[in-house]
Amino acid sequence: MPEASDSTSDSLAARAAGGSEWLFIHLANVFSWSLVYLGSVGLATALPAVGGWLGPGVAEGVEGILALYRGWLAWGSSALAAYAAVGWIPLRRSRPGRFLLRAQPVYLAFAFLFRRLSLRRARPAKGTYWRHRFVRDRWLLILIKIHFLPIAVGSLTNTFVNLGRVLRSAAEQPSLAVTLGFVLVGLRVLVDAVDAVVSSLAYSIEGARRGSRIRAVDTNWLGWLACLVCYPPGWLLTSSLLAKRVDEGTLLFGMGTGPAMICAILGVACYAVYGCTAINLGLRYSNLSYRGVMTRGLYRWVRHPQYCAKIGGWFFEWLPFFALPTNILSYLGYAAIYAARIVTEERFLSRFADYRAYRERVKWRCIPGVW
């Protein structure tokens, strides 16, 4: 399979708007982000009222989603103000390894849309703008950032809130801080914090430096579906269909027993591995897009250690409740979703020669010798 070429993308990028068009496109850019930001504020205001009207169960689910999306309000206001103030400054020279605002996906998408709507050609071909794969990919990339960046920043703010609660509990009950359970909870929160910091930075920054430039976007609807059901708001449907029941009748063994503590330790160990994979990815952390091959750390042994660690952590977290068969089926449902993510991602990534070479070197997807 031939490698996807960036030559078309590079030639189109070279023909981006000139200095005379910069201010117009910048104002259109700021206007679009303002609409998205104001829309998120409106949803955050309206949805709790709608959820309360539909019932307490729906209201609780809506509140859980908004807890993540409120990160948009924290990130969006400051980013929008900074961009509106200095984003109009043209950066005419393209220097390798340098972060360029002009090369960002939102700007380029509006640049080409302006060229299309301003009728710069005497007889522009019908559909010229949307015919370019580069343009379609850039709009998909805008959707990816609009969706995942608020989730990442919202997760970051929530994680620091949880970390503050853990530290306050330790201060109020010093004897609690030395217990194994408290230590495990604290480690889990720290791993969540690491993952949230890395993902927030990765979705905020795109450039040639450190290989963080996004080279391609997945256009397969199956890949998008498998990914989006793992994040809000799709996660609300997934967690409802694959809900875990927790009560005395579902326990294989008591929660304070030795087997339960072993499961807790192994679960946190898996989450710690998950945190390490996030650090390995760094600014290449992304969904539904390709930023180059990662071969450091755990990626030297398996191709998807992040998903493997997450599925393993869930297994040990759910294991004490496997006395109920439906809990086992629910866990298998989650595992199947992540298996689908792996398969669809590899179908997309196999377009690139460097990933195919990596796949030949690292034979196993998740578990060496098994799959």
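Each value, and the rule that gives it
Residues numbered from 1 in each chain as written. Predicted model: local features only at pLDDT ≥ 70, side-chain atom pairs only at ≥ 80, totals over all residues. Heavy atoms only, no water. Helix = DSSP H or I, 4+ residues; strand = E, 2+ residues; numbered from the N terminus. Expected span 1.5 Å × (residues − 1). Buried < 20%, exposed > 50% of the residue type's maximum accessible area, 1.4 Å probe, protein only. Patch = residues over 30% accessible without salt bridge, like charges linked within 9 Å, V, L, I, M, F, W, Y side chains within 5 Å. Areas by Shrake-Rupley, 256 points an atom, 1.4 Å probe, with all protein chains shown as cover. Salt bridge = Lys/Arg side-chain N within 4 Å of Asp/Glu carboxyl O. Phe/Tyr/Trp six-rings, centres within 6.5 Å; stacked < 30°, edge-to-face > 60°.

Novice: Can you walk me through helix H11 (residues 305-318) in this structure?
Specialist: Helical geometry note: an α-helix holds 3.6 residues per turn, so side chains three or four residues apart project in the same direction. Counted at 1.5 Å a residue, the expected span for H11 with its 14 residues is 20 Å, and the 20 Å between its end C-alpha atoms agrees. Here H11 has its buried residues at Pro 305, Gln 306, Tyr 307, Ala 309, Lys 310, Ile 311, Gly 312, Gly 313, Trp 314 and Trp 318.

Novice: Would you mind showing me how to read the environment of Ser 77 here?
Specialist: Within the secondary structure layout, Ser 77 lies in helix H3 (residues 56-86). Placed 40 residues apart in sequence, Ser 77 and Tyr 37 show a C-alpha to C-alpha distance of 7.7 Å.

Novice: Where do I start with a nonpolar patch on the surface in this structure?
Specialist: Nonpolar side chains collect at one region of the surface, where Phe 160, Val 197, Leu 201 and Ile 205 lie side by side and expose about 320 Å² of accessible area between them. With respect to the element layout, Ile 205 can be found in the loop between helix H7 (180-204) and strand E1 (216-217).

Novice: Mind showing me how you'd approach the pattern of salt bridges here?
Specialist: Any two side chains of opposite charge can pair, on the condition that their charged atoms come close. Per the stated rule, a full pass over the model turns up seven salt bridges. Put simply, Arg 303 and Glu 346 hold a salt bridge, and the shortest N to O gap is 2.7 Å. With Arg 303 in the loop between strand E2 (289-290) and H11 and Glu 346 in helix H12 (residues 325-349), this pair connects stretches of sequence that are 43 residues apart. In this structure Arg 303 comes out as buried when scored by relative accessible area, which is 6%. Between Glu 360 and Lys 363 there is a salt bridge, and its shortest N-O distance comes to 3.6 Å. Look at Lys 363 and you get exposed, because its relative accessible area is 53%. Through salt bridges with shared partners, one network takes in Arg 188, Asp 192 and Glu 317.

Novice: What's the story with the packing of aromatic side chains in this structure? I'm lost.
Specialist: Given two aromatic rings, one states the distance between the centres and the angle between the planes to describe the pair. This structure, assessed with the given rule, holds 17 aromatic pairs. With a centroid separation of 5.3 Å and an interplanar angle of 75°, the aromatic rings of Trp 314 and Tyr 338 are classed as edge-to-face. Residue Trp 314 is found in helix H11, and its partner Tyr 338 is found in helix H12; the two are separated by 24 residues along the sequence. Across the pair, exposure class does not vary: Trp 314 and Tyr 338 are buried alike.

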